[in-house]
Amino acid sequence: MRGLIVTKNANLFSIDDGKMIYKVYPSGKTKEEGIYVGDNVEFDECITKVLPRKNLLIRPPIANVDKMFIIIAPIPKPDFMLVDKILIYCDIYGIKPYIVVAKYDLDKTLYDKVKSIYGKYYNVIKVCAHKKDINELTCEIEGVCTLAGQSASGKSSIINAIFDDSRLAEIGNLSRKIARGKQTTRIVNLYKLDKGYLADTAGFSYLDLSMVTDLEYQKLSSYYPDFLKARAECKYRSCLHDHGECGVIKYVEQGKIPQIRYTNYLKILDEMMSARKY
């Protein structure tokens with residue numbers, strides 16, 4: 001049989017084959033190789049084989065992620081540098097990103113601002129969890145999906161809005177566990193919706209690209225789709241876009257590239273170059 005790992009509890013795995021949930025232990029070989037929530041596996045009395053993965057994230061520990069919802073809100077103040085890092089992370093691992101403006105009723109200008117910065121190249125949607133206005137997000141949940149973003153940005157409220165009280169009772173203490181406002185979630189679980197699964201992970205509140213990817217700083221700009229046309233006008237092919245006769249700098253000055261995207265690029269570039277020195 002084949003199925004999807006939806007829960008890991010020590011060495012006991014819950015596997016969804018599309019019809020029912022099985023509780024299965026790994027074989028010695030698969031245990032040694034490593035099994036993660038999100039893995040597609042073959043099993044009978046035990047897990048006999050882990051099928052090839054499209055990706056494997058270490059933070060949070062989950063495999064085969066299809067979509068990531070990056071949550072930002074008026075409060076706390078949006079960290080657009082974190083957003084940019086997660087977008088790069090998604091690109092590296094083949095994950096489709098969505099930027100989700102939560103608590104949009106607190107500041108209705110934030111959604112327009114985010115659309116103006118990212119809307120040309122990325123999906124931007126809005127939700128208001130306490131009003132149960134989450135349809136834009138839930139309609140996009142297909143495959144294995146996870147949330148990311150700053151602490152207190154509204155990830156727990158969104159999960160509580162998606163799963164009503166009866167469903168939360170079925171999946172244990174999820175609502176109470178995540179309502180503490182702390183990064184307490186360490187075990188990843190996948191919860192099934194109509195077209196996919198949502199992971200109850202802590203997501204990201206901080207991300208060091210140098211620690212979680214093999215990305216070289218010289219290639220950083222290639223992960224900025226809004227830089228693509230401008231890069232062709234740089235004098236040197238090896239341009240890092242931080243000085244000199246640079247097409248990216250020219251486009252920023254002309255307002256064709258958002259200033260905040262370029263400022264964050266320079267900060268990330270500096271982080272990566274500094275990390276290489278050690």
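Heads up: the structure comes first, above all this text.
Let me begin by describing the structure that accompanies this report.

Cut-off values and rules
Residues numbered from 1 in each chain as written. Predicted model: local features only at pLDDT ≥ 70, side-chain atom pairs only at ≥ 80, totals over all residues. Heavy atoms only, no water. Helix = DSSP H or I, 4+ residues; strand = E, 2+ residues; numbered from the N terminus. Rg over C-alpha atoms; globule rule 2.2 N^0.38 Å. Contact = heavy atoms within 4.5 Å. Areas by Shrake-Rupley, 256 points an atom, 1.4 Å probe, with all protein chains shown as cover. Buried < 20%, exposed > 50% of the residue type's maximum accessible area, 1.4 Å probe, protein only. Pairing = 2+ DSSP bridges. Arc of directions from axis to C-beta. Axes fitted to C-alpha atoms, helices over the stretch in contact; angles between N-to-C directions. Polar contact = N/O pair within 3.5 Å; in protein donor to acceptor, adjacent residues only side chain to side chain. Phe/Tyr/Trp six-rings, centres within 6.5 Å; stacked < 30°, edge-to-face > 60°. Lys NZ or Arg CZ within 6 Å of the ring centre and 35° of its normal.

1. Notes on the overall build of the protein chain
Then, in step 1: A count of helices and strands for the protein chain gives 11 helices and 13 strands.
Then, in step 2: Relative to a compact globule of 278 residues, whose C-alpha radius of gyration would be 19 Å, the protein chain shows 20 Å and is just as compact.
Then, in step 3: Taking the principal axes of the C-alpha coordinates as reference, the protein chain spans close to 65 × 45 × 30 Å.
Then, in step 4: Looking at the protein chain alone, contacts between residues at least 24 apart form 63% of all its contacts between residues at least 6 apart.
Then, in step 5: Accessible surface for the protein chain amounts to roughly 14,400 Å². Of this, 50% is attributable to carbon and sulfur atoms.

2. Examining unusual backbone geometry
Then, in step 1: Omega for the bond connecting I75 with P76 falls within 30 degrees of zero, at -5°, which places this linkage in the cis form.
Then, in step 2: Positive phi, close to 60°, is recorded for N64, a residue that is not glycine.
Then, in step 3: A residue is classified by how much of its surface remains accessible, and N64, at 7% relative accessible area, is buried.
Then, in step 4: The backbone phi angle of H241 is positive, close to 65°, even though this residue is not glycine.

3. Re the pairing of strand β2 (residues 12-16)
Then, in step 1: Most of β2 is tucked away: four of the five residues are buried.
Then, in step 2: Pairing of strand β1 (residues 2-9) with β2 involves five bridges; the strand directions are antiparallel. Each bridged residue has a counterpart across the sheet, and for L4 the counterpart in β2 is D16.
Then, in step 3: Both β2 and strand β3 (residues 21-26) contribute to a ladder of four bridges, which runs antiparallel. Note that in β3 the partner of I15 across the bridge is Y22.
Then, in step 4: Connecting β2 to the next strand, β3, in antiparallel fashion are four residues, including G18 with a positive phi near 95°.

4. Focus on helix α5 (residues 155-162)
Then, in step 1: Of all the positions in α5, only K155, I158, I159, A161 and I162 are classed as buried. Down the axis of α5, the smallest arc covering the buried residues is 160°, so these residues share one side.

5. Comments concerning the sheet that holds β1
Then, in step 1: Here we have five strands rolled up into a closed barrel, ordered β1-β2-β3-β5-β4, and mixed in their pairing. Adjacent strand axes in the sheet meet at a mean angle of 55°, parallel and antiparallel pairs treated alike.
Then, in step 2: Across three bridges, the pairing between strand β4 (residues 40-43) and strand β5 (residues 46-50) is antiparallel. Note on β5: the bridge partner recorded for V41 is V50.

6. Notes on the environment of Y191
Then, in step 1: Here Y191 shows up in strand β12 (residues 190-192).
Then, in step 2: Overall, Y191 belongs to the buried group, its relative accessible area being 9%.
Then, in step 3: Note: C-alpha distance between Y191 and Y98 (93 residues apart in sequence) is 19 Å.
Then, in step 4: At 3.4 Å, the side chain of Y191 and the side chain of N189 are in polar contact.

7. Considerations on the packing of aromatic side chains
Then, in step 1: Per the stated rule, a full pass over the model turns up 10 aromatic pairs.
Then, in step 2: With centroids separated by 5.3 Å and ring planes inclined at 75°, the aromatic side chains of F227 and Y265 adopt a geometry described as edge-to-face. A residue pair is termed long-range when its members are at least 10 positions apart, and F227 in the loop between α8 (209-212) and α9 (228-231) and Y265 in helix α11 (residues 259-276) qualify at 38 residues. Take F227 and Y265: they sit in the same class, and that class is buried.
Then, in step 3: An aromatic cluster of at least three residues, connected via ring pairs, comprises Y224, F227, Y262 and Y265.
Then, in step 4: Over the aromatic face of Y36 sits the side chain of K8, whose NZ or CZ is 6.0 Å from the ring centroid.
Then, in step 5: The cationic tip of K126 hangs over the ring face of Y104; the distance from NZ or CZ to the ring centre is 5.8 Å.

8. Quick notes on the environment of I71
Then, in step 1: Take I71: it is sitting in strand β8 (residues 67-72).
Then, in step 2: The class of I71 is buried, set by a relative accessible area of 0%.
Then, in step 3: Between the alpha carbons of I71 and Y217 there is a distance of 26 Å; along the sequence they are 146 residues apart.
Then, in step 4: Other than its neighbours up to four places away in sequence, I71 contacts V100, A102, L147, A148, G149, Q150, S153, K155 and I158.

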